[in-house]
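The chain contents come next:
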Amino acid sequence: MTSIDQLAKHFERFPGIGPRQARRFVYHLLSENPDALTSLASAISTIHTKMSLCTQCFQYFARDNGTMICDICNDTERDNTLLMVVERDSDIPPIERSGTYNGYYFVLGGTVPLLDADENIRVRGGALKGIIDLRLKNDLAEVILAFSVNPDGEQTARYIEKLLESYTERNQLKISILGRGLSTGSELEYADPETIKNALRNRT
Ligand SMILES: [Zn+2]
């Protein structure tokens, strides 16, 4: 295996990247100047020491505020009654930019695919319940499920609704779904502020 093949194999593990794109990345790197490559390599090798996983919402944050939790979880001015569950870290910035949501978040870490028997290995169901228990003591009233509008997103919403059944049965929590207002197949990560605003207003 050549060095090009080896590096291409790394890129093929990235989300949405196939063998052809992976090789294009490698050829792009070959055309870059050595300083740019050294800077890239250094940014990659130090990312784990510079970023931490928030122990409350599980999004990555810059480890410079001296705490174990991110700036959003640290912000006591936010709405305690709302917790939004998203698939990935990258879903949070577009919602923040829309300026219409002021509650807290939880990053599930993925979806529960329709054809997967062992869901627990892929999403943070147990941690979600832990955070809900904690936040219930702090006025939490509604969990908003903000997943992609596709079969995996719907399956994940059903899975979480089932997981949280004991809370809804005891009327401790309302669970709402952001899906309406987002068109079928759309991903939150790419939604514009107006769409997110409508989806939040029309959640059921
Ligand atoms: Zn956090």
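See the structure shown above.
Residues numbered from 1 in each chain as written. Predicted model: local features only at pLDDT ≥ 70, side-chain atom pairs only at ≥ 80, totals over all residues. Heavy atoms only, no water.

## Points about the packing of aromatic side chains
Here the structure, examined in full by the defined rule, presents 4 aromatic pairs. Taken together, a centroid distance of 5.3 Å and an interplanar angle of 90 degrees make the contact between phenylalanine 11 and phenylalanine 25 edge-to-face. Placement of phenylalanine 11 in helix 1 (residues 3-12) and of phenylalanine 25 in helix 2 (residues 19-31) is noted, with a sequence separation of 14 residues between them. Judged by relative accessible area, phenylalanine 11 falls into the buried class, the value being 13%. Here the aromatic cluster, defined as three or more aromatic residues joined through ring pairs, consists of Phe11, Phe14 and Phe25. The ring of tyrosine 104 has arginine 135 sitting right over it, with the charged end atom 4.1 Å from the ring centre. (Phe/Tyr/Trp six-rings, centres within 6.5 Å; stacked < 30°, edge-to-face > 60°. Helix = DSSP H or I, 4+ residues; strand = E, 2+ residues; numbered from the N terminus. Buried < 20%, exposed > 50% of the residue type's maximum accessible area, 1.4 Å probe, protein only. Lys NZ or Arg CZ within 6 Å of the ring centre and 35° of its normal.)

## Some words on the side chain of serine 52
Inspection of the secondary structure assignment puts serine 52 in strand 1 (residues 51-53). Once residues lying within four places of it in the same chain are set aside, the contact partners of serine 52 are Gln59, Tyr60, Phe61 and Arg63. (Contact = heavy atoms within 4.5 Å.)

## Quick notes on the pattern of salt bridges
Any two side chains of opposite charge can pair if their charged atoms end up close together. Within this structure, the stated rule accounts for 8 salt bridges. The partner of arginine 88 in a salt bridge is aspartate 91, and the shortest N-O contact between them spans 3.8 Å. A salt bridge links glutamate 165 to lysine 162, with the shortest nitrogen-to-oxygen separation between them at 3.6 Å. Given the relative accessible area of 33%, glutamate 165 is considered partly exposed. Salt bridges here are not isolated pairs; linked through shared partners, they connect Glu87, Arg88 and Asp91. (Salt bridge = Lys/Arg side-chain N within 4 Å of Asp/Glu carboxyl O.)

## Looking at the layout of surface pockets
Approximately 210 Å³ is the volume attributed to the largest pocket. The wall of the largest pocket is formed by Leu7, His10, Phe11, Arg13, Phe14, Leu29, Leu37, Leu40, Ala41 and Ile44. Residue assignment for the lining of the largest pocket shows that the elements contributing at least two residues are helix 1 and helix 3 (34-45). The element that contributes the greatest number of residues to the lining of the largest pocket is helix 3, accounting for 4 residues. A breakdown of the residues in the lining of the largest pocket according to their chemical character gives 8 nonpolar, 1 polar and 1 charged. (1 Å grid on protein atoms, 1.4 Å probe; cavity = no way out; pocket = protein on both sides within 12 Å on 5 of 7 lines; lining within 4 Å. Points joined across faces, edges and corners; volume = space filled by probe spheres on them. Nonpolar A, V, L, I, M, F, W, Y, C, P; charged D, E, K, R; others polar.)

## Topic: the coordination of the zinc ion
At 2.3 Å from the zinc ion lie its protein donor atoms, namely Cys54 (SG), Cys57 (SG), Cys70 (SG) and Cys73 (SG). Because the angles between the 4 donor atoms bound to the zinc ion fall within 107 to 116 degrees, the donor set is best described as tetrahedral. In the primary structure, the donors to the zinc ion are separated according to the pattern C-x2-C-x12-C-x2-C. With a gap of 19 residues between them, cysteine 54 in the loop between strand 1 and strand 2 (60-62) and cysteine 73 in helix 5 (residues 71-74) connect regions that are remote in the sequence. By the burial criterion, cysteine 54 is buried, and cysteine 73 matches it. (Donors = N, O, S within 2.8 Å, 3.2 Å for Na, K, Ca; no water. Tetrahedral: all angles 85-135°; square planar, octahedral: opposite > 155°, others 65-115°.)

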